[in-house]
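Chain residues, written in single-letter form:
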Amino acid sequence: MSQAAPAHKRILLKLSGEALMGDDAFGINRATIVRMVEEIAEVTRLGVQVAVVIGGGNIFRGVAGGSVGMDRATADYMGMLATVMNALALADAMDKQGLVARVMSAIAIEQVVEPYVRPKALQYLEEGKVVVFAAGTGNPFFTTDTAAALRGAEIGAELVLKATKVDGVYTADPQKDPTATRYTKLSFDEAMSRNLGIMDATAFALCRDQKLPVRVFSIIKHGALKRVVMGEDEGTLVYA
């Protein structure tokens, strides 16, 4: 019997830097990054085109004490450089899994990674390569959530996947309230009115305006990424 076709052809996966830490206090946990890449490889083998936006919290939070009192724009640029380090680590792990990855940075560091050029990114995706977007939007005062919404809209992604440590959006913190229940679906307006804090307001507004759905799911849960791309009930879908 042939396997069912994926529900989505092109996705944008938003990974936080903290997701790469595993159980470590900061930095990159090798076993964690390898396991994530295995999940990404599994969906690419289904023919799904995958782009990734990576955060930098695992590195920048480690030096954040030194940024106290620092100019906000300077601190944000430091955070962007941390995302480039994570993107390189992710691409290296993908290479070792047999995937072809391309890192594209919103800040020009051409000796290390190529600059973000939209037509080139689209070409790579069509060729089956995984594109890792680094350095956020390239601008201070914008989060990597906003970068995920922006890049998702630019590349024509069908879905933005917000990878977290919790398997969706709940009515309350499930670790504190045993009666908390998971939302299977929410409209952007409902999520904003309930102040659920899924993404920052700029990212959320961009996704809503572009009618770009967001699915919140657990990157820790084995096989969750594949279940999402196959259209199964996994995590929480936020839609326009």
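Residues numbered from 1 in each chain as written. Predicted model: local features only at pLDDT ≥ 70, side-chain atom pairs only at ≥ 80, totals over all residues. Heavy atoms only, no water.

As annotated in an unreviewed UniProt entry, the chain carries the name Uridylate kinase and is attributed to Acidovorax soli. For the record of the chain, the UniProt heading Subunit (unreviewed entry) holds the text "Homohexamer." Listed under Function (unreviewed entry) in UniProt, the entry text for the chain is "Catalyzes the reversible phosphorylation of UMP to UDP." (UniProt positions renumbered as here; feature names shortened; annotations may be inferred.)

**Q** Would you mind going over the nonpolar core in detail, with residue names and values included?
**A** Core analysis: the largest hydrophobic core is formed by 42 residues, its most contacted members being Leu15, Val52, Met94 and Phe217. Elements with a minimum of two residues in this core: strand E1 (10-15), helix H1 (30-44), strand E2 (49-54), helix H3 (72-96), strand E3 (101-105), strand E5 (130-134), strand E6 (159-164) and helix H8 (224-229). No other element matches H3, which puts 8 residues into this core. Not counting chain neighbours up to four residues away, the residues in contact with Leu15 comprise Met36, Val52, Val53, Ile54, Gly55, Leu90, Ala163 and Ile219. Tyr116, Val160, Tyr183 and Cys207 belong to the second largest nonpolar core, which has 31 residues in total. (Core = buried A, V, L, I, M, F, W, Y, C linked by side-chain atoms within 4.5 Å. Buried < 20%, exposed > 50% of the residue type's maximum accessible area, 1.4 Å probe, protein only. Helix = DSSP H or I, 4+ residues; strand = E, 2+ residues; numbered from the N terminus. Contact = heavy atoms within 4.5 Å.)

**Q** Please set out the UniProt feature "binding site: UMP" (unreviewed entry) in the chain residue by residue, giving values where relevant.
**A** On the UniProt side, "binding site: UMP" (unreviewed entry) is annotated at positions that read Gly56, Asp76, Thr137, Gly138, Asn139, Pro140, Phe141, Phe142, Thr143 and Thr144 here. Spatially, the listed residues are clustered: although they cover 89 residues, their C-alpha atoms lie within 14.5 Å of one another. Residues from the annotated list that form part of the lining of the largest pocket: Gly56, Asp76, Thr137, Gly138, Asn139, Phe142, Thr143 and Thr144. Note that Asp76 resides in helix H3. For Asp76, the contacting residues outside a window of four places in its chain are Pro140 and Phe141. Structurally, Phe142 can be placed in the loop between E5 and helix H5 (144-154). The partly exposed category is assigned to Phe142, whose relative accessible area is 44%. Apart from the residues within four sequence positions on either side, Phe142 is in contact with Thr137 and Thr202. (1 Å grid on protein atoms, 1.4 Å probe; cavity = no way out; pocket = protein on both sides within 12 Å on 5 of 7 lines; lining within 4 Å.)

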